[in-house]
Amino acid sequence: MSTSIPDTQAQVAPPSLAAKTPWRTLLGRIDWPLALFLVAWFIAVVVPLLGVVVYSFFETKSFFTVYTPSLNTWASIFDSGRFEVILRTLRIAFTVTAVELVLAFAFSLWLAKGRASRTVKAMTLALMTVPFFLDLSSRTIIWRAILGENGPLIPLLTGIGLVEPGSAGILYSEWAVHFGMIIALFPTMMLPVYIAISLVDDTLIDASNDLGASPWQTLTRVVIPLSLPGVIAGILFTLGSAMAAWVEPSMLGGGFVNLLSNSIESAYSALRYPVLAALTTLIVMILGVLVLAFVLIGRRFGDLSSSFRVLRS
Amino acid sequence: MNTAAQAPILEIQDAVHSYGSVLALDHVSLRVEPGEFVSILGESGSGKTTLLRLISGLEQAQSITRLAIGGQSVIGKPPAQRNCTTVFQSYALFPHMSVEENVAYGLKVRGVARAEALRQAREALAVVRLEAKAQRSIGQLSGGEKQRVALARAFVIRPALLLLDEPLAALDEKLRIDMQSELVEIQRSLGMTFIFITHSKEEALTMSDRVVLMRRGRVEQIGPPVALFDSPSSLFAAEFMGFENLLGGRVLDTRDGTALIELANGTRIRSRVGGDQPLQAGVDAGIAVRAEHLRLISAAGTNAPAGVNALPCEPSPAAYRGKYTERWADTPAGRLKLRNWEGKNVDVPSADTVIWEVEDSIAFPA
Amino acid sequence: MKEKSVSQLQLQRSRRDFLRSAALGAGALALPLALDLPASRLWAAGPATVRGYGVTTSQLKDWSVMTQSIGVQMEFTGTGNDVGVFLRDVVASGLGDQTDIFVFEAGTQDILGPRGIYLPIDTQHPALTLWERTPDEWKHSRVVQDAEGNQWGVPVIGNADSFGYFPEKLGLDPNSEEELSWSLVFDDPRTRGRVSFDRTWGYSLPMAALYLQSKTGKPFSNCADLQPEETRQVVDFLIERKRAGQFRTLHSSFEEQIQLLSNREVDVINCWEPAVREVNLKLGKDATRYAYTQEGYYKWGHGAYLPVQAGDRDNLDAIYKVLNYYLGGEYRALQARDRGYAGPNMDLAVAYARENGWSAEDIATLEETERKIARKFSKPLVSTTTPSNADSMEEQWQRFLNA
């Protein structure tokens with residue numbers, strides 16, 4: 001509203017000035033980096049996404065896309081069980097992320113704020129980065145040998161009476177897929193969480209203890225809020241990787257745990273781009289709904305942004 | 001020992017603590033009475049912060065005979081179960097909370113309802129004159145304001161004992177002097193016991209009821225500021241308290257709180273005995289005299305006046321230092337420093353002797 | 001066979017390829033693709049040079065051997081085995097303008113032939129001297145013909161795939177060459193829960209159809225290109241078998257095939273023949289065997305196809321000389337020795353080896369391959385990588401995976 005006053009003045013002013021001033025005011029007022037970012041974001045993200053949505057209404061016949069709008073592709077998504085694949089993928093990804101968060105947080109807390117010596121810390125962090133240099137397939141294939149019916153796990157579990165003799169092992173099940181993903185994605189969650197926790201000033205923890213907080217209160221009121229940026233980064237990285245998991249469901253699920261990547265790969269082998277487009281559209285929609293729900297719940301239960309004050313101070 | 005009617009608010013007996021091979025506390029004992037403002041003074045590495053952390057419970061002593069707050073032993077108890085709070089050197093304010101949330105923190109974790117906790121927090125902020133900034137975030141405060149928030153956060157829960165870990169070290173000089181008097185005022189008005197860690201002699205002397213001087217993990221001397229300033233009980237205490245002239249000799253005789261000491265060149269000096277340890281005849285002793293207590297006279301072979309110590313000397317010319325002048329005087333016992341605050345009219349021509357009152361020289365075991 | 005493993009690994013890159021292909025679909029069809037072709041290439045280079053483009057492993061290790069034999073030089077640009085990428089390169093980038101011969105896995109002729117992108121093979125061409133003597137199961141197979149029987153290519157390499165098994169566990173004589181039923185994979189109570197099934201729909205669905213039609217006695221129109229309703233029948237059968245616990249696992253790579261057998265996790269697996277060879281190197285000779293079957297085989301093969309533009313070129317004779325060379329003994333023998341591949345006219349390979357003084361052992365291996373191929377090719381075969389019903393087959397396969 002405040003802009004109306006200078007504008008009227010500009011109109012009363014001499015024509016030569018009037019022609020320039022509103023533009024100058026407007027240009028001066030625009031946050032250029034932000035505007036450029038929004039334009040780039042629109043071109044790089046929104047436009048392709050719209051293209052993808054449009055594409056999902058075509059179909060593929062004999063390796064060629066038929067550009068006649070129809071709902072056949074969408075119908076096939078539900079008929080072939082691909083919709084369940086999305087739900088299954090989301091379920092497994094969220095379960096893995098949740099388990100990972102608990103494990104990684106506890107582990108990072110011990111490593112960053114526990115009594116671990118400098119050497120132990122350095123060694124542990126170095127060991128955590130080793131998997132990044134190894135191929136995921138070759139790491140996962142080892143678990144097949146261990147979890148399989150001829151591997152050492154079954155005799156071990158039988159020995160301590162946990163499973164019946166002659167059991168087939170947990171290989172080729174959702175359990176095995178969860179297990180493999182939790183092992184593989186642990187560093188992905190742990191490293192950002194560890195960095196965030198180790199950046200929490202020790203004297204803040206001392207202060208909290210000193211002011212009479214129990215260890216649990218210190219954890220929930222000081223350590224967790226202050227490490228939230230790292231926790232959120234860890235959740236995003238892990239969730240993204242878990243959604244895209246390809247090796248573990250193939251190798252440990254025995255092909256019976258059909259996840260999104262496997263389904264996409266299969267559709268690609270018949271060049272069914274509209275199916276891929278429809279899957280992408282569905283995932284973006286589901287994630288959009290989840291983010292919206294997250295924000296709404298967040299609003300109800302407190303001001304999330306307060307956790308980021310630490311970044312500004 | 002004096003058995004006071006009131007129990008001490010803090011009692012430490014024979015605390016020993018070390019980090020690796022470094023002995024941080026070497027058999028330290030301390031008693032603090034309710035309402036006292038006690039400063040723990042020492043250089044860095046003297047063990048003063050370790051002592052504070054033992055009291056607060058942030059560190060558990062390796063060996064301690066008794067550690068009691070308000071008469072209750074707190075050995076082995078976590079910080080949360082000790083009736084004392086700390087004002088940290090770095091303030092340690094929670095960056096994700098507003099000013100009032102910070103202050104209310106100690107109340108909230110004790111289960112005080114949110115509204116009541118915030119009300120008390122605002123009261124505490126009023127004491128430190130920060131009620132107007134209750135809603136601000138920590139990043140928006142200046143250093144002095146952060147200091148006062150940290151103070152309010154610590155005293156709002158009414159601890160028996162408030163521990164302050166060099167709280168003024170990070171402030172600039174003017175602010176520091178203002179905060180010194182403000183801290184004392186707050187302490188008086190709250191009637192709370194303060195234990196104040198500092199490496200600054202001025203802070204300790206101007207603010208405290210009693211000063212604990214620490215050195216290498218040991219308590220060097222405990223006493224009111226005046227006692228420490230005027231009657232150091234050791235060479236270290238004398239040096240720390242700014243005595244410029246330090247001499248050494250052997251005790252010949254003691255009488256009425258004074259000692260007769262023979263210097264290496266045979267000159268005899270009578271000196272007040274500092275601290276509370278009596279000096280025995282025959283032991284080695286140190287003598288400390290402040291530069292402003294030395295005077296030059298021209299005695300020309302005559303005996304010095306009675307009750308006054310005298311040493312023959314050869315003075316250097318006075319050096320002008322603004323408000324005062326300084327000069328050196330070479331004596332058989334060594335080089336002494338003299339300071340004169342009274343202007344140039346006291347320049348004694350052909351001065352050949354330096355003299356000082358018995359009262360102004362302090363003797364202590366070497 | 002080895003390049004099938006390349007093909008499978010290629011699938012792992014599908015997500016990245018999807019991005020590229022999505023750009024294609026979004027209307028970037030006209031964008032030229034930067035190809036790594038020799039810059040010095042000029043059409044005036046002379047009739048003795050032929051430009052090939054296709055799967056890397058179809059190459060000779062040293063093309064100068066061919067130049068010595070037939071006086072034609074080869075300039076070959078290698079590519080992967082991804083049919084999506086290949087189709088896009090040929091269609092969208094007009095690769096035929098610069099290429100004389102495409103060598104690729106069977107199936108592309110079904111799409112590119114009728115669309116006028118491939119040149120029909122002139123089987124009467126004077127340079128194609130070996131065409132008459134080449135067996136029909138190679139030259140008239142679906143590797144090189146479309147559904148209507150038009151000749152779009154010349155066979156280069158191939159094999160007939162069945163399943164590997166442990167004879168000892170199934171109570172079979174390891175030395176017997178008896179024909180076994182695919183029921184060992186799908187139906188047999190002895191193998192329940194002891195079977196691994198390939199999770200590639202293009203490979204496994206035709207095999208299942210082959211078995212199901214002989215079980216029910218009602219043949220499908222084309223096991224390799226099932227009609228949507230037929231696919232549904234086959235998948236219903238597979239889902240029923242899956243729920244009955246027939247399959248212990250599904251595999252998706254050559255490495256997995258080897259691991260599943262060498263760990264003895266399964267007793268039967270529909271796999272590639274080299275997997276059995278690898279496992280026997282570990283577990284001992286004849287520990288596992290590759291089955292001769294009653295119902296038939298999945299035949300795969302690579303063919304050489306010509307772009308329609310080649311028809312007007314002055315090196316067309318040289319191009320046909322190369323096609324003829326693919327049918328000859330020298331190429332056959334070298335490919336069999338260097339890569340272990342079979343192909344048409346294995347007898348010419350044996351003759352070539354004898355004439356060129358190869359060792360008795362090498363010759364015996366060639367003969368054994370020839371005999372085996374001849375036996376398998378006498379059975380019903382299914383084959384194609386680009387069924388016209390790919391979309392419904394893929395979709396129904398998902399139903400099987402998700403059941």
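Residues numbered from 1 in each chain as written. Chains lettered and ligands numbered in written order. Predicted model: local features only at pLDDT ≥ 70, side-chain atom pairs only at ≥ 80, totals over all residues. Heavy atoms only, no water.

Enquirer: What exactly am I supposed to notice about the interface of chain B and chain A here?
Expert: One frequently used descriptor of interface size is the decrease in accessible area upon assembly of the parts. Facing the 28 residues of chain B at the interface are 20 residues of chain A. The contact between chain B and chain A buries some 1,900 Å² in all, and 62% of this surface belongs to carbon and sulfur atoms. Its largest share of buried area at the contact with chain A, chain B owes to Pro95(B), His96(B) and Tyr105(B), together 32% of the area lost on that side. Put simply, chain B and chain A have one salt bridge between them. For the salt bridge of Arg53(B) with Asp206(A), the shortest nitrogen-to-oxygen distance reads 3.3 Å. Counting the contacts that link chain B with chain A gives seven residue pairs in polar contact (both at pLDDT 80 or more). If you list the elements that add at least two residues to the side of chain B that touches chain A, you get α1 (48–56), β6 (84–87), α2 (99–108) and α4 (143–155) of chain B. Element by element, the count of residues in the side of chain B that touches chain A is highest for α2(B), at four residues. Residues that form the side of chain B that touches chain A fall into these classes: 14 nonpolar, nine polar and five charged. (Contact = heavy atoms within 4.5 Å. Buried area = accessible area lost by both parts, 1.4 Å probe. Salt bridge = Lys/Arg side-chain N within 4 Å of Asp/Glu carboxyl O. Polar contact = N/O pair within 3.5 Å; in protein donor to acceptor, adjacent residues only side chain to side chain. Helix = DSSP H or I, 4+ residues; strand = E, 2+ residues; numbered from the N terminus. Nonpolar A, V, L, I, M, F, W, Y, C, P; charged D, E, K, R; others polar.)

Enquirer: Please explain the nonpolar core as it appears in this structure.
Expert: The nonpolar side chains of a soluble globular protein tend to be buried with one another. In this structure, Phe186(C), Leu238(C), Leu323(C), Tyr326(C) and Phe400(C) are the most contacted members of the largest nonpolar core, which totals 156 residues. A domain-level breakdown of this core finds at least three residues from each of domain 2 (48–160 + 304–358) and domain 3 (169–295 + 382–402) of chain C. Setting aside residues no more than four positions away along its own chain, Phe186(C) makes contact with Phe197(C), Met207(C), Ala208(C), Tyr211(C), Phe237(C), Leu238(C), Arg241(C), Gln246(C) and Phe247(C). By size, the runner-up hydrophobic cluster in this structure holds 71 residues, among which are Met190(A), Leu93(B), Met97(B) and Leu168(B). (Core = buried A, V, L, I, M, F, W, Y, C linked by side-chain atoms within 4.5 Å. Buried < 20%, exposed > 50% of the residue type's maximum accessible area, 1.4 Å probe, protein only. Domains from an automatic or database assignment.)

Enquirer: What should I look at first to understand the domain arrangement of chain B in this one?
Expert: All names here are of chain B. Once the domains are mapped, chain B shows domain 1 (10–230) and domain 2 (235–365). Just the C-alpha atoms count here: the centres of domain 1 and domain 2 sit 39 Å apart. Taken together, the 14 residues of domain 1 in the interface contact 10 residues of domain 2. Roughly 1,000 Å² of surface becomes buried between domain 1 and domain 2 when both sides are summed, with 66% attributable to carbon and sulfur atoms. Sorting the residues of domain 1 by area buried against domain 2 places Lys201, Phe229 and Asp230 first, and these three jointly supply 40% of that buried surface. The interface formed by domain 1 and domain 2 includes zero salt bridges. Taken together, domain 1 and domain 2 are joined by two residue pairs in polar contact (both at pLDDT 80 or more). Only α6 (201–207), β9 (210–215), β10 (218–223) and α7 (225–230) provide two or more residues apiece to the side of domain 1 that touches domain 2. Its residues placed into classes, the side of domain 1 that touches domain 2 shows six nonpolar, three polar and five charged.

Enquirer: I'm lost on the confidence of the model for chain C in this one. Help?
Expert: Regions with low pLDDT carry predicted coordinates that are not meant to be interpreted in detail. Summary statistics for chain C give a mean pLDDT of 83 and a share of 87% for residues scoring 70 or more. Overall fold confidence for the complex sits at a pTM of 0.75, while the interface term, ipTM, reaches 0.81. (pLDDT = per-residue confidence, 0-100.)

Enquirer: Help me understand the sheet that holds strand β21 (residues 353–357) of chain B in this model?
Expert: Pairing between sheet strands relies on hydrogen bonds along the backbone, with the strands arranged either parallel or antiparallel. All names here are of chain B. The sheet built from three strands is open, its strands ordered β15-β21-β16 with antiparallel pairing. Edge positions in the sheet fall to β15 (295–297) and β16 (308–312), since each has one partner strand and no second. On average, each strand axis in the sheet is tilted by 35° relative to the strand beside it, whichever way the strands run. Inspection of the sheet shows β16 paired to β21 by five bridges, in the antiparallel sense. The residue of β21 that forms the bridge with Val308 is Glu357. (Pairing = 2+ DSSP bridges. Axes fitted to C-alpha atoms, helices over the stretch in contact; angles between N-to-C directions.)

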